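Fold and contact review
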Amino acid sequence: MSTTLAYDSQTDFSHIKPNDTQFLPGGLRDFFVYRDLGVAQATHGKVIAHIAKANLPPENGTGWHYHVAEFQIVIMLKGWARFMYGDQPTLVSAGDCVHQKPGIVHYLFDYSPDMEYLEIVGPADFESISVEGPCEVPSVTPWK
């Protein structure tokens, strides 16, 4: 019995090495820097993948919001971040993977100086919509 694998002819091969792209400002959050992994270009906008890294200490965080996206995961590579998902505080530590279901209201409010995460979102050009939050947000941990 033979198996034929289907492939998507609407995407391109991509191989990005660590020195191929740099961490740059200009992403969704001004207190992070982002390293593009070439996936948005390779998938012609179907998916984006980037690594986000803490650049400035937490002050106001992201604010309450949700994303207009079909798929989103965050894999914490280094350090930690504290999120609110609805009224639930959630610590996401190195090695953790979070699937943020479409439309979930959340707030990234605290993170370590060494925080670094991989984020994969589809589509690449997703929107963030600010909303009123369901509760108060805990205070941040000051950087030393």
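Computed from a predicted structure; not experimentally measured.

Rules of the game
Each chain has its residues counted from 1, running along the sequence as written. Where totals are concerned, whole chains, interfaces and linings use all residues; where local detail is concerned, this predicted model gives features only for residues with pLDDT of at least 70, and gives and counts side-chain atom pairs only at 80 or more. The basis for the side-chain values is all heavy atoms of the structure; hydrogens and waters are excluded. Each helix is a run of DSSP H or I of at least 4 residues and each strand a run of E of at least 2, with the numbering of both proceeding from the N terminus. Note on ring pairs: Phe, Tyr and Trp rings are taken, using the six-membered ring of Trp, and paired if centres are within 6.5 Å. Classes follow the plane angle, with under 30 degrees stacked, over 60 edge-to-face and the rest tilted. Three exposure classes are used, based on accessible area relative to the maximum for each residue type with a 1.4 Å probe and protein chains only: buried under 20%, partly exposed in between, and exposed over 50%. A ring is considered to have a charge above it if a Lys NZ or an Arg CZ atom is located within 6 Å of its centre and within 35 degrees of its normal. Side-chain atoms within 4.5 Å are what join buried Ala, Val, Leu, Ile, Met, Phe, Trp, Tyr and Cys residues into a set we call a nonpolar core. A contact between two residues is defined here by any heavy atoms of the two lying within 4.5 Å.

**Details of unusual backbone geometry**
Look at the link from G122 to P123: it is a cis peptide, with omega at 0°. Unusually for a residue other than glycine, H44 sits at a positive phi of about 55°. For H44, the location among the structural elements is in the loop between α1 (39-42) and β2 (48-54).

**Things to note about the packing of aromatic side chains**
The relation between two aromatic rings is expressed through the spacing of the ring centres and the mutual angle of the planes. For the structure shown, the criterion picks out 8 aromatic pairs. Between F31 and F32 the ring centres are 4.8 Å apart and the planes differ by 80°, which places this aromatic pair in the edge-to-face class. On the basis of relative accessibility, which here comes to 1%, the residue F32 falls in the buried class. Centre to centre, the rings of F83 and Y85 are 5.4 Å apart; their planes meet at 15°, and the pair counts as stacked. Linked through ring pairs, F31, F32, Y34, Y111, Y117 and W143 together constitute an aromatic cluster. Seen from the ring of F23, K53 lies directly overhead, with NZ or CZ sitting 4.1 Å from the centre.

**Overview of the nonpolar core**
Grouped together as the largest cluster of nonpolar side chains are 16 residues, with contacts concentrated most on F32, A81, L108, Y111, M115 and Y117. The set of elements that each furnish at least two residues to this core consists of β1 (32-36), β2, β4 (71-78), β5 (80-85) and β8 (106-111). At 3 residues, the largest contribution of residues to this core is made by β5. Dropping the residues within four chain positions of it, M115 is found in contact with F32, A52, K53, A54, M76, K78, G79, W80 and A81. Of all hydrophobic cores here, the second largest spans 6 residues; its members include A40, A69, A124 and F126.

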